Structure formats: structure tokens, C-alpha cells
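Below are the chains, spelled out letter by letter.
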Amino acid sequence: MVPELPPLPALTRAEGEFVDAYLEVVDLLGRINPARGTHTYGALRAAQALVGRAEALREAVTLMHARGESEVHADTLARALRVLDGERRTGRVTVPEARAS
């Protein structure tokens, strides 16, 4: 059986869109990461899609600001990222440890 995930914390609609768009950008950056990639075509497609997802991320933050959400509640958003597998997903953006030779 798959372990049950904790529930997402309560988020405003804009915060939810912020988290979703951020993770989509992270996923694309992970596909582009030259230290982890294997094919240029996949990296090219991810780079092309990145523009639109970055715009969605900007729009989500703009919406938060326009609605008077002037603070980012980092602890709450970090909990949401963890529930949505953000630690693994952001790990693909980093440079892997050097292999022992």
C-alpha cells in the first residue's frame, strides 16, 4: 500500500497557483539540467515550455500582490511543496555529487 500523504495546508487560490506554477518551472529546469540530461531534444522542448510556465508563475505572484497578499507564508508554502513531492522535484535542478573515480 502507498502511504497516505498529509493533507495540503490551507492555501489561497493564488498561493495554490503560485506553488503549482513554481513546481512546473522546477520540473522543466530539471529536464533542462545539463548535469542530469541525456538528450538535447528533451532539453529543447523543456526550455521552450519554460517561457510559458515562467509567465504563469509571474501571474500567480502578481495576483497575490494585487489581492493584497503582501507576505509569502514560507512555512505554509514549504509544507505544501513537501506534500507535492517538492524536495525530490527540486533535487533534479541541482548538480549531482561527483562520483568517486
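My aim in this report is to walk through the structure given alongside it, one point at a time. Each chain has its residues counted from 1, following the order in which its sequence is written. Per-residue local features of the predicted model are confined to residues with pLDDT of at least 70, and side-chain atom pairs are confined, for both listing and counting, to 80 or more; whole-chain, interface and lining totals are unaffected and use all residues. Working from all heavy atoms in the structure, the side-chain values ignore hydrogens and water.

With respect to the side chain of Asn 33
Quick note on the threshold: Secondary structure elements follow DSSP: runs of H or I no shorter than four residues count as helices, runs of E no shorter than two count as strands, and numbering proceeds from the N terminus. Distance and chemistry together define a polar contact, namely a pair of N or O atoms within 3.5 Å, with one atom able to donate a hydrogen and the other to accept it when in protein, and with adjacent residues in sequence counting only for side-chain atoms on both sides. Contact criterion: two residues are considered in contact whenever any of their non-hydrogen atoms come within 4.5 Å of each other.
By the element assignment, Asn 33 lies in the loop between α1 (13–32) and α2 (40–66). A polar side-chain atom of Asn 33 sits 2.9 Å from the main-chain carbonyl oxygen of Arg 92. Separated by 3.1 Å, the side chain of Asn 33 and the backbone oxygen of Val 93 make a polar contact. When sequence neighbours within four positions are dropped, the list of residues in contact with Asn 33 reads Arg 92, Val 93 and Thr 94.

Some words on the pattern of salt bridges
Let me state the cut-off plainly: Any Lys or Arg side-chain nitrogen located within 4 Å of an Asp or Glu carboxyl oxygen qualifies as a salt bridge. Note on classification: 1.4 Å probe, protein chains only; a residue is buried when its accessible area is under 20% of the maximum for its type, exposed when over 50%, partly exposed between these limits.
This model, assessed by the stated rule, comprises six salt bridges. With a closest N to O distance of 3.0 Å, Arg 58 and Glu 59 form a salt bridge. A relative accessible area of 44% means that Glu 59 is categorised as partly exposed.

Quick look at the environment of Asp 85
Tracing the backbone shows Asp 85 in the loop between α3 (74–83) and α4 (86–91). Along the chain, Asp 85 and Leu 5 lie 80 residues apart, while their C-alpha atoms are 10.0 Å from each other.

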